[in-house]
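Residue-level structural notes
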Amino acid sequence: MNHRFTKVEQAFIEHQKMGKNNARIPYITVNNFPQLGLLTSLRFLEWVNNNPEGVISLPTGKTPEHFIKWTRHLLENWNTKSVDSIKDKYGLDCSKKPDLKGLQFVQIDEFYPISSKQHNSFNFYVRDFYIKGFGLDEKRALLINAEDITLYEGKSYQEVFPDLQIDLRLRYKDCQSKQEIIQQKSIYKIDQWCSDYEWKIQEKGGIGFFLGGIGPDGHIAFNVRGSDHNSTTRLTATNFETQAVAAGDLGGIEISRNRLVITIGLKTITRNPDVVAIIIAAGEAKAGIIKEALENPPSNMLPATVLQKVKNSRFYITKGAGIKLQDSLNNYYLKSSWTKEKTQRVIIDLCLSLDKFGRDITLEDMKNDQYASLIPNLDENTVTTVIEQMKSRIDLGLEKKKNQTFFHTGPHHDDIMLGLFPEVIQQLRQISNQFNFVILTSGFTAVTNSFVIQSLNNVKSCLDNETIEMITYPDFYKKGFKYKWDKDVYHYLNKIASGEAHEILRGASHRIVRILVEIYNIKNTAGLKAKIDEIIHLLQNSYEGEKDPPKIQKLKGMMREFEEELVWAHYGVQVKNVHHLRLGFYTGDIFTEEPERKRDIMPILEMLRKIKPDVLSVVLDPEGSGPDTHYKVLQAISEALRIWRDEEDISKLRIIGYRNVWYRFHPAEADVIVPVSLNSLQIFNESFRHCYLSQVNASFPSYMHDGIFSELAKKIWTEQYESIRLLLGKSYFYESENPKLRATHGLIFYKEMDVDTFLLQARELKETMEGSIGFQV
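Remember, it's a predicted structure, so these values are computed and weren't measured experimentally. (Residues numbered from 1 in each chain as written. Predicted model: local features only at pLDDT ≥ 70, side-chain atom pairs only at ≥ 80, totals over all residues. Heavy atoms only, no water.)

Some details on the sheet that holds strand E4 (residues 109-112)
Strand order in the open sheet made by the three strands is E4-E7-E6, with antiparallel pairing throughout. Edge strands, defined here as strands with exactly one partner in the open sheet, are E4 and strand E6 (234-236). With strand direction ignored, the average angle separating the axes of adjacent strands in the sheet is 25°. Pairing of E4 with strand E7 (residues 260-263), which is carried by four bridges, proceeds in the antiparallel orientation. For Glu-110, the partnering residue across the bridge sits in E7 and is Ile-262. Strands E4, E6 and E7 of the sheet are contacted by helix H7 (residues 178-203), whose axis makes an angle of about 130° with E6. (Pairing = 2+ DSSP bridges. Helix = DSSP H or I, 4+ residues; strand = E, 2+ residues; numbered from the N terminus. Axes fitted to C-alpha atoms, helices over the stretch in contact; angles between N-to-C directions. Contact = heavy atoms within 4.5 Å.)

See the structure below:
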């Protein structure tokens, strides 16, 4: 199939100096997520210029953030010198500003049922960011609105499906009640509505410009793994990976697991033979599915492979999303100077691909491997050298630090624990070390309304039973609530030890009472009870996923803060050494703000000046995509360090760069490898369950694991152990003279660097981002 790149695409290819493209679908790589938005926006405007009344279908969620920002920025500043230079640089040949009013919008998908008035509905998103934001004509749009879909006897979806759950088996089975009959006939009506929607798209000539993301299972729109490539618009269920991703939109997996979707089909997207179909993807987390979609033949198990049949299909991806492509591997190994890391990576990967221990890898094996054969001075000692290098990294992971002040940072609560727990507790046992744990955002979006309601009902029960004695002290509501926050932690953990479940809840209730009094300035017990009832009523009448009022956000955030204090109190860390910065860029909006100097950077700087750490840990996001809080925290910390470096000599400061459940280091990337014992794995999981109460139900899980994050972290650590064990051999661990190694059943990886190296990496990332994030929607 002849795939010709447009002027805009060709300009990006030249600027990115892309090599050979051998995938089954043409793709273009860019440096980062914002540049992905620029490329997509320019290609969109290029198409609109030639198709002013064309049919467009654009995505929702976080995926199109920078596409939306760039499109609005370009249109609103069309005749300025800065935009003219962008148009010239990237080949956008549009003398006249494109007019988007003639475009015909087709909504891709929607949860069902959901009110279009909810801010987390895709219908609301489309009307806000595209119809209003792009100035489209809503009368020319095809939208999916649950309230507009006629059900049996004109009933509302609340009447037909009172629990908002739909049993699609009713399409085929005998009904057992009058309600089931109503539901069955309503499902038939929804199916007819979907068929009519499909026909209306066909009447328009099909979709002319389709832009979408790709899910972890390869889904496009809500066409999940296994979808027929000839599928059309329909009401359907989703799979776990899709539900996990949607949990953030809907307020928890408990809702997304039971919510159906209406989605256009794969045939809907590809029916027009001239459709420009673009998939955008950012971040290393997408690298696996991008490789599968671009390098495998068409298959129902890979929905995105349907685009191989479309002549104008494209994948626009970041370098991180494309790192596993064969083209990227060839570029990495063949077109740059050879490094020690390349040798390590090749040998470790060779062990895994051949399923052979390092000692059993022969010179012939290496010569027969496409990349191992490139190793300079290749001989029988090559594998031995890599083995010794990995052993030295494990030796570093066994070192016990003394007289050090640690400054561990986490973008969210639980990030430090999920990334560094075995290393932290190893150093916590050294009494000469000082520890500070710094959580930079309040993390309120990870707390469901149902969890808060349950917690407040526990408080009410304690109040009714008069088991919270502190509220009877004369000065409690005036100033007493400010004291003894450590006592709440001690009480809670003491009851964990004794196994008294009701007392555990009482311990948590103590802290919640203090939080409520602080936030709402409560003056007495009657006011406390009234405020609890008021909050419960508010949350019961809010939908999950709705943006909370500021005081509810603070309540949820402070409940998470208590959880973080509980974790480190296991090892004697006091509340005063667990710091909660609540940086202001974290707002709960779908597109969050950028860090500001006074609001977000200065609080970090003030802590650095005060604590003067010897070791600082930070999450290392490889690309600035994925959880964008990670990237923003990284930049806020790096900017604070730059200012501090100008004030003091911090050349001896060591930076630990860690990753947790969202990203992994390849063993060759790690500077330090920390052994994890079975005992540590067990303590880690139990501590997570006991302390992070709001996360125990895994309301916002990773798509990689249907369960809590600690289970996924354990899985990652044990898999990392297996990869190193294969290289080093079984006997290295179980026959070691060191009991710590004999007890090892997991490994964590991290990078260690001096402050200049860290700031250089952060600066390089920031510079590539700055050209794209100079404005707000």
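Let's talk about the packing of aromatic side chains
Two aromatic rings are characterised by how far apart their centres lie and by the angle between their planes. One pass over the structure, following the stated rule, counts 34 aromatic pairs. Consider the rings of Tyr-130 and Phe-134, whose centres lie 5.3 Å apart with planes at 70°: the pair is edge-to-face. The same class applies to Tyr-130 as to Phe-134, namely buried. When the ring of Phe-437 is compared with that of Trp-568, the centres are 4.2 Å apart and the planes differ by 5°; the resulting orientation is stacked. Placement of the pair is Phe-437 in strand E11 (residues 434-439) and Trp-568 in helix H21 (residues 550-569), with a sequence separation of 131 residues. Assessed through its relative accessible area of 0%, Phe-437 is described here as buried. Residue Trp-568 is classed as buried on the basis of its relative accessible area, which comes to 0%. Grouping aromatic residues by their ring pairs yields a cluster made of Phe-44, Trp-47, Phe-67, Phe-105, Tyr-125, Phe-129, Tyr-130, Phe-134, Phe-209 and Phe-591. (Phe/Tyr/Trp six-rings, centres within 6.5 Å; stacked < 30°, edge-to-face > 60°. Buried < 20%, exposed > 50% of the residue type's maximum accessible area, 1.4 Å probe, protein only.)

Notes on the state of the cysteines
Taken as a whole and judged by the stated rule, the model has zero disulfides. Here Cys-194 is not cross-linked by a disulfide; its sulfur's nearest cysteine counterpart is in Cys-175, at 19 Å. Accessibility expressed as a relative area gives 1% for Cys-194, which makes it buried. (Disulfide = S-S within 2.5 Å.)

Observations regarding the packing of helix H2 (residues 33-50) against helix H3 (residues 65-76)
In contact at an axis separation of 7 Å, H2 and H3 are set at 55° when each is read in the N-to-C sense. One way to sum up the angle between H2 and H3 is to call them oblique. Here H2 runs over H3; the crossing is right-handed. Where H2 approaches H3, its residues Phe-33, Pro-34, Gly-37, Leu-38, Thr-40, Ser-41, Leu-42, Phe-44 and Leu-45 are matched on the opposing element by His-66, Phe-67, Trp-70, Thr-71, Leu-74 and Leu-75. For the contact of H2 with H3, the residue count by class is 10 nonpolar, five polar and no charged. (Parallel < 35°, antiparallel > 145°, perpendicular 65-115°, else oblique. Left-handed = near helix turned anticlockwise from the far one by under 90°. Nonpolar A, V, L, I, M, F, W, Y, C, P; charged D, E, K, R; others polar.)

Notes on the packing of helix H16 (residues 415-428) against helix H25 (residues 709-728)
The geometry of H16 relative to H25 is characterised by a closest axis approach of 10 Å and an angle of 50° between their N-to-C directions. Judged by the inter-axis angle, H16 sits oblique to H25. H25 is crossed by H16, and the crossing has right-handed handedness. Counted together, Met-417, Leu-418, Phe-421 and Pro-422 of H16 and Phe-709, Ser-710, Ala-713 and Trp-717 of H25 form the full contact between these two elements. Across the contact of H16 with H25, the residue classes tally to seven nonpolar, one polar and no charged.

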